[in-house]
Amino acid sequence: STSTSTSTPSSLNNQVDPARKSQSEQEIAKDMMNAFLSRDSRRTFIARVYAILSGQLLVTMASIFFFQMNPSIVSSIISRTGMMVPWLSLAISTVSWMWMSVSIRARREAPLKWNLLVAFTIAESFLVGLIASVYKFRSVALAL
């Protein structure tokens, strides 16, 4: 008995046997994996991640320090705008991380990913600074 397949051409493309790939495609894939898995590329990647995290922590600590040293600014932000500025900051932060989580483009394209990361960092730093301003400086410094 013979079986007939009712597959469409697009579904056939998804079912290509790996053994049938051309030799050059396999070599390119292997070279890409070896390049990513090399010791130097891993070190570069890890160094870049730690540099980004360090920058985010420095911005957050600067925000905490600023709001701790200027309580009049905190009270004016809250009294003049009500709670609109903290809520806006929370919205910017949430939209930024959600966009980065959902969109492949937002994670891979250079200007967009950096803009979203900066927006997230500034918004979160602002929120953390405002929250930390209600505590004593010594308590916040010990927590850091």
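See the structure above.
Please read these numbers as outputs of a predicted model, since none were measured by experiment.

**Q** Mind laying out the layout of surface pockets, listing which residues take part and the relevant values?
**A** Put simply, the largest pocket is a space of about 410 Å³. What lines the largest pocket is a set of 13 residues, among which Phe45, Arg48, Val49, Ile52 and Trp114 lie closest to the centre. Tallying contributions element by element places helix α3 (residues 39-69) first for the lining of the largest pocket, with 7 residues.

**Q** Give a detailed account of the side chain of serine 103, specifying residues and quantitative values.
**A** Counting through the fold element by element, serine 103 comes out in the loop between α5 (84-102) and α6 (104-108). On the accessibility criterion, serine 103 (19% relative accessible area) is buried. Within the local environment of serine 103, its side chain forms a polar contact with the backbone nitrogen of alanine 106, the two atoms lying 3.1 Å apart.

**Q** Tell me about the packing of aromatic side chains, and please be specific about residues and values.
**A** Any aromatic ring pair is given by two values, namely how distant the centres are and how the planes are angled relative to each other. For the coordinates displayed, the defined rule picks out 3 aromatic pairs. Between phenylalanine 65 and phenylalanine 137, the ring centres sit 6.2 Å apart and the planes meet at 70°, which makes this aromatic pair edge-to-face. Of the two residues, phenylalanine 65 is situated in helix α3 and phenylalanine 137 in helix α8 (residues 137-143); the sequence distance between them amounts to 72 residues. Site record: aromatic cluster; members linked through ring pairs are Phe66, Phe67 and Phe126.

What counts and what doesn't
- Residues numbered from 1 in each chain as written.
- Predicted model: local features only at pLDDT ≥ 70, side-chain atom pairs only at ≥ 80, totals over all residues.
- Heavy atoms only, no water.
- 1 Å grid on protein atoms, 1.4 Å probe; cavity = no way out; pocket = protein on both sides within 12 Å on 5 of 7 lines; lining within 4 Å.
- Points joined across faces, edges and corners; volume = space filled by probe spheres on them.
- Helix = DSSP H or I, 4+ residues; strand = E, 2+ residues; numbered from the N terminus.
- Buried < 20%, exposed > 50% of the residue type's maximum accessible area, 1.4 Å probe, protein only.
- Polar contact = N/O pair within 3.5 Å; in protein donor to acceptor, adjacent residues only side chain to side chain.
- Phe/Tyr/Trp six-rings, centres within 6.5 Å; stacked < 30°, edge-to-face > 60°.

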